[in-house]
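Coordinates in review
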Amino acid sequence: MTTISEKVSEKLTRPVSKRVSQSVFDGSRLRVVLLVDVYEGAQHQFLKAYEQLCNQVAQVPGHVSDQLCQSIETPSQWLITSEWESAPPFLAWVNSEEHVEMVKPLHNCVRDTRSLRFHVVRETGGPAADAVRVLQAEPRMGDGVIRHALTFTVRPGSEAEVAKILADYASPQAEVDASTRLCRTSLFMHGNRVVRAIEVRGDLMAALRHVARQPEVRAVEEAINPYLEQDRDLDDQDSARVFFTRAALPAVHHVGPEAPADGDRHALYYPARPGCGMRLAELLAQQDEAAAEDQASPMLHSTVFQRDDVVVRLVEQRSGTPVDVTPAHALTALLDGDAVRMRLITDRRSPDA
């Protein structure tokens, strides 16, 4: 049986740095798997909502196809798979206000969901085997850490009070369960924008739910509620879901050494021009890959987070070396203002992280 990789010319395979553990910029197709647990008795409501949703998703640029499957053993369990031309158009859609509104009809019939995203690395058989695809030359090598961030804005004039609240809380319990552990949380501010970067080993969603249930974290969230520019009610499931969906700042690229290395942590904020956030993040990723291969570079590892036109780069530098906030010439046309270093509010690491 012939795999598609045997039919693709060498020009259509992209080399993967052995240092890079995560990236959405491979150019290969994306397969999204959504595991859905539907309330008993809500199957017909769910199917109707899905049919309305899939007609809308079919019009989204970059969408290729999708399938809805129901478990033959447990009827409340459903599986939605979709294929996209590449990861960037999917991320632009799933992190958009359009998506927030589009999925609202599902909220009343779905108990829980879990989203998994995969690049198509190889493919065997079927009509698609004759198509021209961009493929990774090699599999990526991860370090077992999942990186994610949240960002939100507070009311102008409240920055000092919010910074104090966010700096003074007690750390939550690091161990989530036998397979999941919180490793590190770094919190930064620039102006009225807050960025909280999280590192987890295991299940990210389990870790986020665990943190949300911790009394010390809940107290902090309640304390900053009056200062938020976007109102929320954490006791209202829909309100909390919409807030954290809008606050999500996904990691789109990470590069680092094969062995863990510690240094000085910095966060740089890059205000992108409207519609230029993803391209800006991609150029920063290329810049950081080159720096990672340069033994003289002070950069140890870097993670680029991006949502819409918010781009944040989290950089670990060799201790005592300055971080350069001057953007490369290729980035200046994509920026809507100067790149700036964010102020570190707190950086917490769990034992045995």
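Residues numbered from 1 in each chain as written. Predicted model: local features only at pLDDT ≥ 70, side-chain atom pairs only at ≥ 80, totals over all residues. Heavy atoms only, no water.

**Here we look at the environment of Leu249**
Checked against the element boundaries, Leu249 lands in strand β12 (residues 248-255). Here Leu249 falls in the buried class, since its relative accessible area comes to 0%. Note: C-alpha distance between Leu249 and Val310 (61 residues apart in sequence) is 8.2 Å. Setting aside chain neighbours within four positions, we find Leu249 in contact with His148, Ala149, Leu150, Thr151, Val195, Phe305, Gln306, Arg307, Val310 and Val312. (Helix = DSSP H or I, 4+ residues; strand = E, 2+ residues; numbered from the N terminus. Buried < 20%, exposed > 50% of the residue type's maximum accessible area, 1.4 Å probe, protein only. Contact = heavy atoms within 4.5 Å.)

**As for helix α6 (residues 215-224)**
What α6 keeps buried is the set Val217, Val220, Glu221 and Ile224. For α6, the angular spread of buried residues about the axis comes to 100°, placing them on one side. (Arc of directions from axis to C-beta.)

**Observations concerning the side chain of His301**
Relative to the elements of secondary structure, His301 occurs in strand β14 (residues 299-307). Among all residues touching His301, those that are not within four sequence positions of it are His254, Val255, Gly256, Pro257, Ala261, Arg265, Leu314, Val315 and Glu316.

**Let's talk about helix α2 (residues 87-94)**
In terms of burial, α2 is a largely internal element, 6 of the 8 residues being buried. Those residues of α2 not exposed but buried are Ala87, Pro88, Phe90, Leu91, Trp93 and Val94.

**Quick word on unusual backbone geometry**
Here the phi dihedral of Asp308 falls at roughly 50°; this positive angle occurs in a residue that is not glycine. Structurally, Asp308 is set in the loop between β14 and β15 (310-317). On the basis of relative accessibility, which here comes to 41%, the residue Asp308 falls in the partly exposed class.

**Overview of the nonpolar core**
One finds Phe46, Trp84, Phe90, Trp93, Tyr270 and Leu280 to be the most contacted residues of the largest nonpolar core, which totals 45 residues. Taken together, the elements giving at least two residues each to this core come down to β3 (30-38), α1 (43-57), β5 (77-84), α2, β13 (264-271) and α8 (277-293). Every residue in contact with Leu280, bar those within four places of it in the chain, is listed here: Tyr270, Ala272, Val311, Leu331, Leu334 and Leu335. (Core = buried A, V, L, I, M, F, W, Y, C linked by side-chain atoms within 4.5 Å.)

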